[in-house]
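Structural overview
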Amino acid sequence: MRISDYWRLMDDEFGAGYSRVLSSSLVLAGVGGRTADQALAAGIEPRRVWLAVCDVQDVPAERRLGRDIKPRTD
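The shown structure was predicted, so the numbers you read here are calculated from the model rather than taken from an experiment.

1. Details of the pattern of salt bridges
What the rule picks out here adds up to 5 salt bridges. For aspartate 11, the salt bridge goes to arginine 20, with nearest N and O atoms at 2.5 Å. Exposure remark for aspartate 11: the relative accessible area of 24% places this residue in the partly exposed category. Notably, a salt bridge pairs arginine 64 with aspartate 55, separated by 2.9 Å at the nearest N-O pair. Classification of aspartate 55 as partly exposed rests on a relative accessible area of 49%.

2. Digging into helix 2 (residues 16-25)
An α-helical segment advances 3.6 residues per turn. Residues three or four places apart therefore align on the same side. Taken together, the buried positions of helix 2 are Ser19, Leu22 and Ser23. Across the axial projection of helix 2, the buried residues extend over an arc of 95 degrees, all falling on one side. Each element contacted by the buried residues of helix 2 is listed here: helix 1 (3-14), strand 2 (34-35), helix 3 (36-41) and helix 4 (46-57).

What counts as what
Residues numbered from 1 in each chain as written. Predicted model: local features only at pLDDT ≥ 70, side-chain atom pairs only at ≥ 80, totals over all residues. Heavy atoms only, no water. Salt bridge = Lys/Arg side-chain N within 4 Å of Asp/Glu carboxyl O. Buried < 20%, exposed > 50% of the residue type's maximum accessible area, 1.4 Å probe, protein only. Helix = DSSP H or I, 4+ residues; strand = E, 2+ residues; numbered from the N terminus. Arc of directions from axis to C-beta. Contact = heavy atoms within 4.5 Å.

Structure follows, in structure tokens:
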């Protein structure tokens, strides 16, 4: 997972504004007691950070992969 995928998932789940607040202030035990921003800056894989956010925020398993994106039909 790329950092851009992390932000897409965060924005889809929590909204563009609130996702930034969560990422900068919510301390996650799953990434060593860091915020998501700190974990990403430390080089922790974005998928691991995303799953740590999901665990703390009780995101249901069916939404952890993000919303379905319909394929283009050009």
